[in-house]
Structures are given as C-alpha cells and as structure tokens.
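Residues per chain are reported as follows:
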Amino acid sequence: MHIEVRGLNKQFGDFHAVRDVGFEIAKGHLIGLLGPSGGGKTSILRMLAGLESPTSGDIIFHGKRVNDLPPQERGIGFVFQNYALFKHMTVFDNVAFGLKVKKQSKDQIRDRVMQLIELTGLKGFEHRYPHQLSGGQRQRVAFARALAPEPQLLLLDEPFAAIDAKIRTELRTWLKEMIERVGITSIFVTHDQDEAIEVADEIMIINKGRLEQKGSPWDIYKNPQTQFVASFIGESTMVEQVERLRGFEEAANWPGTQALIRPEYIEIGKRHEFRIPSATVQGRVKHLHFRGSEWMVEVEVGDIKLITYRSLEKDVLQPGEEVHVLIHRAYLFNDNDTWIMENKLKEDPMPVHI
Ligand SMILES: Nc1ncnc2c1ncn2[C@@H]1O[C@H](COP(=O)(O)OP(=O)(O)O)[C@@H](O)[C@H]1O
Ligand SMILES: [Mg+2]
C-alpha cells in the first residue's frame, strides 16, 4: 500500500510531540524510523494505526484519506517491543487470533496459520505456549500473528529492543528477508542506527518531533543535512573553531559554523606514512582501545580531541606518542546549511554545498 502523510502534528496538552511531519512510502518499501527515545516515533505509528488522532494533518493510504477510519478498517499489522502474546494460547492459536475475529472457516484458518508458521520457521512449535519459547521465537510468533489477516501495512515498533544483542542481529536479517518475501509495505522503528541501516531500504531520522532527513542509509551518512543527523549517524567529534586546524583556516570566513569530523576522515601515523607531511599537524596519542579488528585511537591536537581508527597492520602506537595527524575533511554547519570542507593543503579549498 502506498502511504502518504502530510503536515502531521500531535500535541499532548502543551507538549508538541510530532511537528509538521510529511513523507511518502512507495508500495512494498521498508522504511526505518530512527531517532532518540522521546522523539515521537511511536506517536507517528499510533496515528498511522488510528490508535491516536492527529492534532492536524492528513494520513493517506492508497490515495484515500483515512484520518476518520477506525483502526480495524485500516488494514494494519502491528508488532510492538513487548507484544504480549496471549499467554494461555498456543503458538497456533496466537497466530489464528486475528482470523477467528474475521470469522473465517476452520480450514481456511488452519491453512493460513500453517503457511505462516512455516514461513516464520516455527514449524514443530505450533503447540507450544509463549513461556516455552525464546524471546526471538516469541517475536517471530508476533510477526506471524500480525501478518495473518493479510494487512496492507506492517508497523514494527522496536520489535527487537528487549532481545539479546546476538539474537537481535540474526533477527534483523531474518526480518528483512521475511518482509521482502511477503512484499508488504513496512515501517520499522528503532533507536539503534546499526539496526536501521541493516534492515531498512530508506531511513527517516526523527528528532524532537521533527523529520530531520529521509534517504538511503548511505546518502544520509554521506550528506547529512543537519548537525543532529551528522552526529547521530556514524561516529564523530565536534570541533569548536575548526579554523585552528591547519588546512581549515578558511572556515573563519563562515562565522557561527560548527564543525564535525568523522573518524574515517582522520589518519594518524609516523611521518614516513604520509605522502604530503606538510598537510599534517602534530598530535599526541591519548588512549588506544583495541577493537578486535582495528585500534580506536584518541588523539589530541592542541586542545582538540579527535577520535580515529588505525589498522592492525601498521606499526603499533603508544599512549603519549607524538604522531602526525592528517584531517582530510570536516562537515561545517550553521543553522541553515551544511558543507563539506576539504583540507586545502591536500585538495580543493572551497567548501562544497550539500
Ligand atoms: N499519551 C501521551 N500523553 C502525553 N505525552 C505523551 C503521550 N504519548 C507520548 N507522549 C510524549 O511524546 C513524546 C514522544 O513520545 P514517543 O512518540 O513515544 O517517542 P519515541 O517513540 O520516539 O520514543 C515523549 O516526550 C512522550 O513523553
Ligand atoms: Mg517509542
């Protein structure tokens, strides 16, 4: 189902939880709603589902405004973080629940339930009760139950938040495959960027009730439109007065800007490791953290602290060691705009508008 939302607002008393949110989702797409807790993600889902009414704005499913349609007529499946399965019902009966409500025949219900149990890899578990399942299996049941009545839109609100990290990673891949196979338009809410990046075709970043940016994970990572997005996606260091860094002096011409530098934009090492040592600045290694596949290095350049990574293949650095630091580029922000500025000793000095 094609989804369109226009000028959506939700106020709880004086509190403005969702502010002027608008987006479209193409049929069959899987969208990730990503943002910090309290940002308004659940409120957006609840308005789509009809569990909460918007203060203003339009919700349009398949070209038709559905603001006044009751939840049961919207064709929506919902999976929550703690989707309490019916404890006294077996897996089979849980999945069948929505179908019984729809008054389908016994045979129809059985066929549909067994099809979903097979699809979700729960074959052999149909007579178990929820307490006899792992957290991951329970969420598979919740997923099968939501899909049973053949909804047109699937809403998943932090479905894996309460599950162990390792199982959660497996479930992400599983969910993505399932949704692709079923071909249902879906919205997946999470506060975990890795989860959103891995699962969703496209991400919407929600913060303080606003939609900050919508795009593919790679596009958002490469071209963050706001300071919030840049600092939320990926790792980075905020730098005050970036013009103090060699190669970035031109930033002084954009007063009021703040800079943000990602770890992968920084190289550190011994002098001979650099092709243009004159583009580097002196720094001192503060801490080294072994990350399993690389070193994470905290380095100080004057009073500016930066974070970067270093390959395990290179000479091992020591805390306190003097190193050369090459900063390839920085993001600059003011209230309205974002630029990428390259180190001018290395490349084109003009900031590029993004
Ligand atoms: N029924 C409600 N009454 C009052 N405030 C609410 C209600 N529901 C949500 N809020 C507030 O709206 C904000 C957004 O909440 P929510 O949509 O749950 O965010 P998220 O899902 O991103 O964590 C929060 O500050 C929350 O406290
Ligand atoms: Mg929430």
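Residues numbered from 1 in each chain as written. Chains lettered and ligands numbered in written order. Predicted model: local features only at pLDDT ≥ 70, side-chain atom pairs only at ≥ 80, totals over all residues. Heavy atoms only, no water.

Within an unreviewed UniProt entry, the label attached to the protein chain reads Carnitine transport ATP-binding protein OpuCA, and the organism entered is Paenibacillus methanolicus. On record in UniProt, under Subunit (unreviewed entry), the comment for the protein chain is "The complex is composed of two ATP-binding proteins (OpuCA), two transmembrane proteins (OpuCB and OpuCD) and a solute-binding protein (OpuCC)." For the record of the protein chain, the UniProt heading Catalytic activity (unreviewed entry) holds the text "a quaternary ammonium(out) + ATP + H2O = a quaternary ammonium(in) + ADP + phosphate + H(+)". (UniProt positions renumbered as here; feature names shortened; annotations may be inferred.)

Engineer: Report on the nonpolar core, specifying residues and quantitative values.
Structural biologist: In terms of nonpolar packing, the biggest core is built from 35 residues, with Val95, Val113, Phe143, Leu154, Leu156, Leu175 and Ile179 touching the most fellow members. For this core, the secondary-structure elements that each account for two or more residues are α2 (91-101), α3 (106-119), α4 (135-147), β7 (153-157) and α5 (165-182). The dominant element in this core, judged by the number of residues it contributes, is α4, at six residues. Setting aside residues up to four positions removed in sequence, Leu154 forms contacts with Gly77, Phe78, Val79, Phe143, Ala146, Leu147, Ile179, Ile184, Thr185, Ser186 and Ile187. Among the nonpolar cores identified, the runner-up in size contains 30 residues, and Val242, Val285, Val323 and Phe333 belong to it. (Core = buried A, V, L, I, M, F, W, Y, C linked by side-chain atoms within 4.5 Å. Buried < 20%, exposed > 50% of the residue type's maximum accessible area, 1.4 Å probe, protein only. Helix = DSSP H or I, 4+ residues; strand = E, 2+ residues; numbered from the N terminus. Contact = heavy atoms within 4.5 Å.)

Engineer: Hey, could you go over the sheet that holds β7 for me, with residue numbers and the actual values?
Structural biologist: Hydrogen bonds between backbone groups are what pair the strands of a sheet, and the pairing can be parallel or antiparallel. Read from one edge to the other, the open sheet built from six strands follows the order β6-β7-β8-β3-β9-β10, with strand pairing classed as mixed. The open sheet has two edge strands with one neighbour each: β6 (76-79) and β10 (210-215). Geometrically, the sheet is characterised by an average inter-axis angle of 15° between neighbouring strands, direction not taken into account. As paired strands, strand β3 (residues 30-34) and strand β8 (residues 185-190) are joined by five bridges and run parallel to one another. Counted as the bridge partner of Gly32 is Phe188 from β8. Here helix α1 (residues 41-49) sits on the sheet and contacts β3, β6, β7, β8 and β9 (202-207); the angle it forms with β7, its principal contact strand, is near 150°. Against the sheet, α5 engages β3, β7 and β8, with an angle of about 170° to β7. (Pairing = 2+ DSSP bridges. Axes fitted to C-alpha atoms, helices over the stretch in contact; angles between N-to-C directions.)

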